[in-house]
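Observations on chain architecture
What follows is the residue order along each chain.
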Amino acid sequence: NILSLPPEECVVLDGHTPASQRAIYYKTHNLVFCTPQTVQNDLENGVLDGRTVVCVCVDEAHRATSHYAY
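Residues numbered from 1 in each chain as written. Predicted model: local features only at pLDDT ≥ 70, side-chain atom pairs only at ≥ 80, totals over all residues. Heavy atoms only, no water.

**Digging into the pattern of salt bridges**
Put simply, the rule is: For salt bridges, the criterion is a side-chain nitrogen of Lys or Arg within 4 Å of an Asp or Glu carboxyl oxygen. Helix and strand definitions follow DSSP, with helices as H or I runs of at least four residues and strands as E runs of at least two, each counted in order from the N terminus. Burial classes follow relative accessibility: with a 1.4 Å probe on protein chains only, a residue under 20% of its type's maximum area counts as buried, one over 50% as exposed, and anything between as partly exposed.
Taken as a whole and judged by the stated rule, the model has two salt bridges. Here D42 and R22 are joined by a salt bridge, their closest N and O atoms 2.6 Å apart. Of this pair, D42 sits in helix α2 (residues 36-44) while R22 sits in helix α1 (residues 19-28), placing them 20 residues apart in sequence. Between D49 and R51 there is a salt bridge, with the nearest N and O atoms lying 3.0 Å from each other. For D49, a relative accessible area of 34% translates into the label partly exposed. The exposure class assigned to R51 is exposed, which follows from its relative accessible area of 75%.

**Quick word on the nonpolar core**
The cut-off we apply is this: We call a set of buried Ala, Val, Leu, Ile, Met, Phe, Trp, Tyr and Cys residues a nonpolar core when their side-chain atoms join them within 4.5 Å. Between two residues, a contact is recorded if the distance between any of their heavy atoms is within 4.5 Å.
Among the nonpolar cores identified, the biggest contains five residues, and these are V11, L13, Y26, V47 and L48. If near-sequence neighbours (up to four positions away) are discounted, V47 is found in contact with A19, R22, A23, Y26 and D42.

**Looking at the environment of V56**
On the secondary structure map, V56 appears in the segment after α2. Assessed through its relative accessible area of 62%, V56 is described here as exposed. Between the alpha carbons of V56 and F33 there is a distance of 9.8 Å; along the sequence they are 23 residues apart.

**Regarding a nonpolar patch on the surface**
As a reminder of what qualifies: Patches here are clusters of residues that have more than 30% relative accessible area and form no salt bridge, with a 9 Å joining cutoff for like charges and a 5 Å cutoff for nonpolar side chains (Val, Leu, Ile, Met, Phe, Trp, Tyr). Under the convention used here, a 1.4 Å probe and the Shrake-Rupley method define accessible areas, while residue burial counts only the protein chains that appear.
Side chains of I2, L3 and L5 sit close together on the surface and give an oily, nonpolar patch of about 340 Å² of accessible area. Turning to its location among the elements, L3 is positioned in the segment before β1 (10-12).

Encoded structure:
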């Protein structure tokens, strides 16, 4: 409601979502909510094409230390 986007254009992905399904969601949804680890894994494994990413917002950036995907 805040973004005025239809719910069908948004998706929440996590490690329980199979990579093959995440690949489809990345192509069919305008707004994807997921962890930095999910994005990192999907970039490294070719599930997500980084050239298609327009904006990344990181919540809990205070954890952006050490070897985290942040």
